[in-house]
Amino acid sequence: MSFPEMKTLAAILLLGLASPQPGASQALPPLTRPAYRVQESCDYADDRAARARWDANPGSEPVSSVTAGSRQVVAMSCPFKQKPAGQRFSWDKAISLNLARCSGLQFRFYCSDSSPVSGFSFYIHSGDGWYAAKFEHATPSAWSTIRIEKADTTIEGHPAGWEKIDEIRISAWRGGSTDTAFYVADIGPIDCDSPVALVRAESLVAGKERH
């Protein structure tokens, strides 16, 4: 190889090293540890570890583990452009929680472009049913703490109670045909400062929305 050819090759290699790859974790704002109690940090060592804990629903892409500052978070891809027939993308995670003395569940969330998403939904499974709630991400330049309050949920099926939570689900519903992704970390209960009882006729408020 001649000297000019070697210089050209070196320049190409340096350019490749300097250019961020699509979806690179450098694009994520750094995420610090939260002040609240965390049940599941989502700080997995690699993709394999993340996928062992999160199940992609049919038609959804497997999750990934990406870097946000000094830690790892879970990435969920929404290729609406590539899969125009899909109405939503969803992911499930087994989790054991007793929220009987808590006011709900919270987690950290980031999405730099939610314009192709008509809405996000969070589902909490118990028994033969779900507690479901919609949520929004209004700060595309920073992480948000999403709070799913018990009082704001609807009921689908026949859940066995907040003390017997065994699974959660996150969904992104189609609103456009542009690909996007969102990121999740630090799932934990919303602790109450004092004992609070939420009493409602759950059979009367069962939601009609599909899960």
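Preceding block: the structure.
These lines cover the structure that appears in this document, whether it is placed above or below. (Residues numbered from 1 in each chain as written. Predicted model: local features only at pLDDT ≥ 70, side-chain atom pairs only at ≥ 80, totals over all residues. Heavy atoms only, no water.)

### A word on the nonpolar core
A general feature of soluble globular proteins is that nonpolar side chains tend to end up buried together.
Item 1. Formed by 38 residues in total, the largest nonpolar core has its most connected members in Trp54, Met76, Phe107, Phe109, Phe122, Phe182 and Ile187.
Item 2. With sequence-adjacent residues up to four places away left out, Ile187 is seen in contact with Val38, Gln39, Glu40, Cys42, Trp54, Ile95, Leu105, Gln106, Phe107 and Ile168.
Item 3. Membership of the second largest hydrophobic core comes to 11 residues, among which are Leu31, Val66, Trp143 and Ala181. (Core = buried A, V, L, I, M, F, W, Y, C linked by side-chain atoms within 4.5 Å. Buried < 20%, exposed > 50% of the residue type's maximum accessible area, 1.4 Å probe, protein only. Contact = heavy atoms within 4.5 Å.)

### Things to note about unusual backbone geometry
Item 1. You will see that Cys42, though not glycine, has its phi angle at about 65 degrees, which is positive.
Item 2. Within the secondary structure layout, Cys42 lies in the loop between α1 (3–18) and α2 (47–53).
Item 3. Positive phi, close to 55 degrees, is recorded for Asp186, a residue that is not glycine.
Item 4. Residue classification places Asp186 among the buried residues on the basis of a relative accessible area of 1%. (Helix = DSSP H or I, 4+ residues; strand = E, 2+ residues; numbered from the N terminus.)

### Let's talk about the environment of Ser114
Item 1. Relative to the elements of secondary structure, Ser114 occurs in the loop between β5 (102–110) and β6 (117–126).
Item 2. Look at Ser114 and you get partly exposed, because its relative accessible area is 25%.
Item 3. Taking the C-alpha atoms as reference, Ser114 lies 9.7 Å from Gly176; in sequence the two are 62 residues apart.
Item 4. If we skip the residues at most four places from it in the chain, Ser114 touches Phe120 and His137.

### Some points on the pattern of salt bridges
Item 1. Tallied over the full model, the rule gives nine salt bridges.
Item 2. Put simply, Asp191 and Arg37 hold a salt bridge, and the shortest N to O gap is 2.6 Å. Of this pair, Asp191 sits in strand β11 (residues 180–191) while Arg37 sits in the loop between α1 and α2, and the two are 154 residues apart along the sequence.
Item 3. Asp191 gets classed as partly exposed once you look at its relative accessible area, which sits at 39%.
Item 4. Asp186 is the partner of Arg108 in a salt bridge, and the nearest nitrogen-oxygen pair spans 3.5 Å. Of this pair, Arg108 sits in strand β5 while Asp186 sits in strand β11, and the two are 78 residues apart along the sequence.
Item 5. Ionic contacts of the salt-bridge type, sharing partners, join the residues Arg71, Arg108 and Asp186 into one network. (Salt bridge = Lys/Arg side-chain N within 4 Å of Asp/Glu carboxyl O.)

### Thoughts on the sheet that holds β11
Item 1. Ordered by their spatial adjacency, five strands build an open sheet running β2-β3-β11-β5-β8, and the pairing between neighbours is antiparallel. The strands lining the two open edges of the sheet, one partner per strand, are β2 (64–68) and β8 (144–149). For this sheet, the mean inter-axis angle between neighbouring strands, taken without regard to orientation, is 40 degrees.
Item 2. Pairing of β5 with β8 involves six bridges; the strand directions are antiparallel. Looking at the pairing, Gln106 lines up with Arg147 of β8. (Pairing = 2+ DSSP bridges. Axes fitted to C-alpha atoms, helices over the stretch in contact; angles between N-to-C directions.)

### As for the side chain of Thr180
Item 1. Among the structural elements, Thr180 can be located in strand β11.
Item 2. Overall, Thr180 belongs to the buried group, its relative accessible area being 10%.
Item 3. A polar contact is formed between the side chain of Thr180 and the backbone oxygen of Asp113, at a distance of 2.6 Å.
Item 4. If sequence neighbours within four positions are ignored, Thr180 has contacts with Ser77, Cys78, Phe80, Cys111, Asp113, Pro116 and Val117. (Polar contact = N/O pair within 3.5 Å; in protein donor to acceptor, adjacent residues only side chain to side chain.)

### Comments concerning the sheet that holds strand β7 (residues 128–135)
Item 1. Spatial ordering of the open sheet is given by β1-β4-β10-β6-β7-β9, a layout of six strands whose pairing is antiparallel. In the strand order of this sheet, the two ends are held by β1 (54–56) and β9 (154–158), each with one partner. Going across the sheet, the axis of each strand differs from the next one's by a mean of 20 degrees, ignoring polarity.
Item 2. One ladder, built from nine bridges, connects β6 with strand β10 (residues 165–174); its direction is antiparallel. Residue pairing across strands places Ile124 opposite Ile168, the latter belonging to β10.

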